[in-house]
Amino acid sequence: MDCIGKSLEEFENSKQLMQVVSDAFTACQQAYERCEHRIHRDISGRNILIDENGRGILIDWDLSKREADLHRLRRHERTGTWQFMSYLLVSRDHFIHTIQDDMESFIHIMLYFALRYLKHSSGRWNVPTILSNIFDNEGYDLDGHLVGGAGKRPLFMDKFCLGHNFKFSSAPLQSWWQWALIAARQWIQYSYDSVHGSSEGIPFPDQDTEPVEVTNLQLCDHSKMAWMFKMCLASRNWPENEPRPVDAAPEAGGMTKSSFVSSNRLESEHANEDGAIGGSGKQSQNSRGRGSRGGSGLQHPKKQSTPTHSMATRAGSKSNQG
């Protein structure tokens, strides 16, 4: 098996963590914008590698689909790696995978690895409990369906498990996290209200402002997250002589459980194709993209049943991980 990169767990400092995840995000964005709106649908820590230049590679596109194909399916799947799946997917508040689900997965990845390996205001002794409460929560509803998210929604709504005074030692990382909290909270509230009924707009979190339109939400499309990654990476406030990452939860073992796939028949659920939440631009439709590497260009899977694209360079579902 060819080795195309190191595990994300081997990042060297907070800036490299953000750079590698940003590169993977760029691949996801390029895939959606350039490859017929292809959606990865399994954004996870194990699917982001670090190449020989210290940049990120997004691999494992076996579960990816074009947005149009997702809308045509009568039987839908929840897909992803459980710890990094969006709140709306693990809680079964919707089923058609959107670009916002993948963007929230990037937020979960940043938080998971920063909490586990980098310095912050929570005691290291508390990290295993925090990770478990936020990312591992699962159970079954009355119909026997696997559900979760009991830690994710309150995390974004009220800083559950972290506390209001939580702070990362790396200033640019903290700035990114503060933005991500607001961005995810906005989208979750908007999506929940769209399914269960509410007003046309929602207020910005922690601000007494007028409701905002969906096009002004931070996760409306890829652009605002891309901009935030760019601004934080360009900061001059990255810590010098930062201590090397140390695993605060070694008992948690490897990268988390494997990819999750669960089929759901949409006709019997409260979500429907016409009323699906999410998407890009001004429409409230589901969307997703396909790509594989960020940074200098879009990577593409070596091992795929779907056609390759001319902009691809080299990624794939092969890696140095199982």
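Counting restarts for each chain, with residues numbered from 1 along the sequence as it is written. It should be noted that, the model being predicted, local features are given only for residues of pLDDT at least 70 and side-chain atom pairs only at 80 or more, the latter also being counted only at that level, while totals for whole chains, interfaces and linings use all residues. Calculation of side-chain values draws on the structure's entire complement of heavy atoms; hydrogens and water are dropped beforehand.

### Thoughts on the overall build of the protein
Our working definition: Numbering of helices and strands starts at the N terminus; helices are DSSP runs of H or I of at least 4 residues and strands are runs of E of at least 2. Summary of the burial criterion: residues with accessible area below 20% of their type's maximum are buried, those above 50% are exposed, and those between are partly exposed, where the area comes from a 1.4 Å probe applied to protein chains only. Reported accessibility uses the Shrake-Rupley method at a 1.4 Å probe radius. Residues are deemed covered only where the shown protein chains occlude them.
For the protein, the helix and strand inventory stands at 8 helices and 9 strands. Here the protein, with 322 residues, has 54% of them falling under the buried criterion. Counting only carbon and sulfur atoms, one obtains 46% of the accessible surface of the protein, whose full area is about 13,900 Å².

### Considerations on the packing of aromatic side chains
For the record, the criterion: Within 6.5 Å between ring centres, the rings of Phe, Tyr and Trp (the latter by its six-membered ring) count as paired, and their orientation is classed by plane angle as stacked under 30 degrees, edge-to-face over 60, tilted in between.
Applying the stated criterion to the full structure yields 13 aromatic pairs. Considering the side-chain rings of Phe84 and Phe135, the 6.4 Å spacing of their centres and the 55 degrees angle between planes classify their relative orientation as tilted. One end of the pair, Phe84, is in the loop between strand S6 (75-81) and helix H3 (87-90); the other, Phe135, is in helix H5 (residues 127-135), with 51 residues separating them in the sequence. Both rings, one in Phe113 and one in Tyr117, keep their centres 6.1 Å apart while their planes meet at 15 degrees; by these two values the pair is stacked. With Phe113 and Tyr117 both in helix H4 (residues 99-117) and 4 residues apart, this pair spans about one turn of that helix. Accessibility classification places Phe113 together with Tyr117 in one group, the buried group. Taken together, the aromatic side chains of Phe11, Phe84, Tyr112, Phe113, Tyr117 and Phe135 make up a single cluster linked through ring pairs.

### Quick look at the environment of Glu138
Residue placement: Glu138 occurs in strand S7 (residues 138-140). Owing to a relative accessible area of 42%, Glu138 belongs among the partly exposed residues under this scheme. Residues Glu138 and Ser91 lie 47 residues apart in sequence; the distance between their C-alpha atoms is 9.2 Å.

### Let's talk about the packing of helix H1 (residues 14-34) against helix H8 (residues 223-233)
Short version of the rule: Comment: axis = line fitted to C-alpha atoms, over the contacting stretch for helices; angle = value between 0 and 180 degrees taken between N-to-C directions. Working definition: roughly parallel below 35 degrees, roughly antiparallel above 145 degrees, roughly perpendicular at 65 to 115 degrees, and oblique for all remaining angles. Left-handed describes a crossing whose near helix is turned anticlockwise from the far helix through less than a right angle; right-handed describes the clockwise counterpart. Note on definitions: a residue-residue contact is assigned when non-hydrogen atoms from the two residues lie within 4.5 Å. When residues are grouped by polarity, Ala, Val, Leu, Ile, Met, Phe, Trp, Tyr, Cys and Pro land in nonpolar, Asp, Glu, Lys and Arg in charged, and all others, Gly among them, in polar.
For the pair H1 and H8, the least separation of the axes is 10 Å and the interaxial angle reads 155 degrees. Judged by the inter-axis angle, H1 sits roughly antiparallel to H8. For H1 against H8, the interelement crossing comes out left-handed. Here H1 contributes Lys15, Met18, Gln19, Val21, Ser22, Phe25 and Gln29 to the contact with H8, which in turn contributes Met225, Ala226, Phe229, Cys232 and Leu233. A breakdown of the residues in the contact of H1 with H8 according to their chemical character gives 8 nonpolar, 3 polar and 1 charged.

### Things to note about the confidence of the model for the protein
Note the threshold: Note: pLDDT gives the predictor's confidence per residue, expressed from 0 to 100.
Overall, the prediction assigns the protein a mean pLDDT of 78, with 69% of residues at 70 or greater. A low-confidence stretch, residues 263-277 stays under pLDDT 50, and its non-local contacts, those more than four residues away or across chains, total 49 contacts.

### Examining the sheet that holds strand S1 (residues 6-7)
Defined as follows: Any two strands with at least two DSSP-identified bridges between them are counted as paired.
Strand order in the open sheet formed by 3 strands is S1-S3-S4, and the pairing between neighbours is antiparallel. Each edge of the sheet is formed by a strand with only one pairing partner; in this case those strands are S1 and strand S4 (56-58). Relative to strand S3 (residues 48-50), S1 runs antiparallel, the two being bridged by 2 bridges. Each bridged residue has a counterpart across the sheet, and for Lys6 the counterpart in S3 is Ile50.

### Remarks on the nonpolar core
Applied cut-off: Side-chain atoms within 4.5 Å link the members of a nonpolar core, which is a set of buried Ala, Val, Leu, Ile, Met, Phe, Trp, Tyr and Cys residues.
By size, the foremost hydrophobic cluster in this structure holds 65 residues, and its most contacted members are Trp176 and Trp177. Within the residue set of this core, elements represented by two or more residues are H1, S3, H3, H4, H5, helix H6 (152-158), helix H7 (171-196) and H8. Not counting the four nearest positions on each side in its chain, Trp177 is found in contact with Ile107, Leu111, Leu155, Phe156, Leu162, Phe166 and Phe168. Judged by nonpolar contacts, the second largest core, of 5 residues, contains Trp82, Leu89, Val90 and Leu146.

### Digging into the side chain of Ser86
Topologically, Ser86 is positioned in the loop between S6 and H3. Not counting chain neighbours up to four residues away, the residues in contact with Ser86 comprise Asp101, Glu104, Ser105 and His108.

### Remarks on H5
Filter applied, for reference: To obtain the arc, one takes the directions from the helix axis to the C-beta atoms.
Taken as a whole, H5 has its buried residues at Val127, Ile130, Leu131, Ile134 and Phe135. The buried residues of H5 occupy an angular sector of 95 degrees when projected down its axis, which confines them to one face. Contacts made by the buried residues of H5 are with H4 and H6.

### Regarding unusual backbone geometry
Despite not being glycine, Glu36 shows a phi value in the positive range, around 60 degrees. With respect to the element layout, Glu36 can be found in the loop between H1 and strand S2 (38-39).

### Comments concerning the packing of H1 against H4
The contact between H1 and H4 brings their axes to 11 Å, and the two run at 170 degrees. Classified by the angle between their axes, H1 and H4 sit roughly antiparallel to one another. For the pair H1 and H4, the contacting residues are Leu17, Met18, Val21, Ala24, Phe25, Cys28 and Tyr32 in the first and Ile99, Asp102, Met103, Phe106, Ile109, Met110, Phe113 and Ala114 in the second. Looking at the contact of H1 with H4, its residues break down into 14 nonpolar, no polar and 1 charged.

### Looking at H4
The criterion, for reference: What a helix is expected to span follows from its residue count: subtract one and scale by 1.5 Å.
Its 19 residues place the ends of H4 27 Å apart at the C-alpha level, agreeing with the 27 Å of an ideal helix rising 1.5 Å per residue. In terms of burial, H4 is largely enclosed, as 19 of its 19 residues are buried.

### Description of the side chain of Ser122
Looking at the secondary structure, you find Ser122 in the loop between H4 and H5. Note on Ser122: relative accessible area 13%, which makes it buried. In contact with Ser122, other than residues within four places in its own chain, are Ile130, Leu162 and Phe166.

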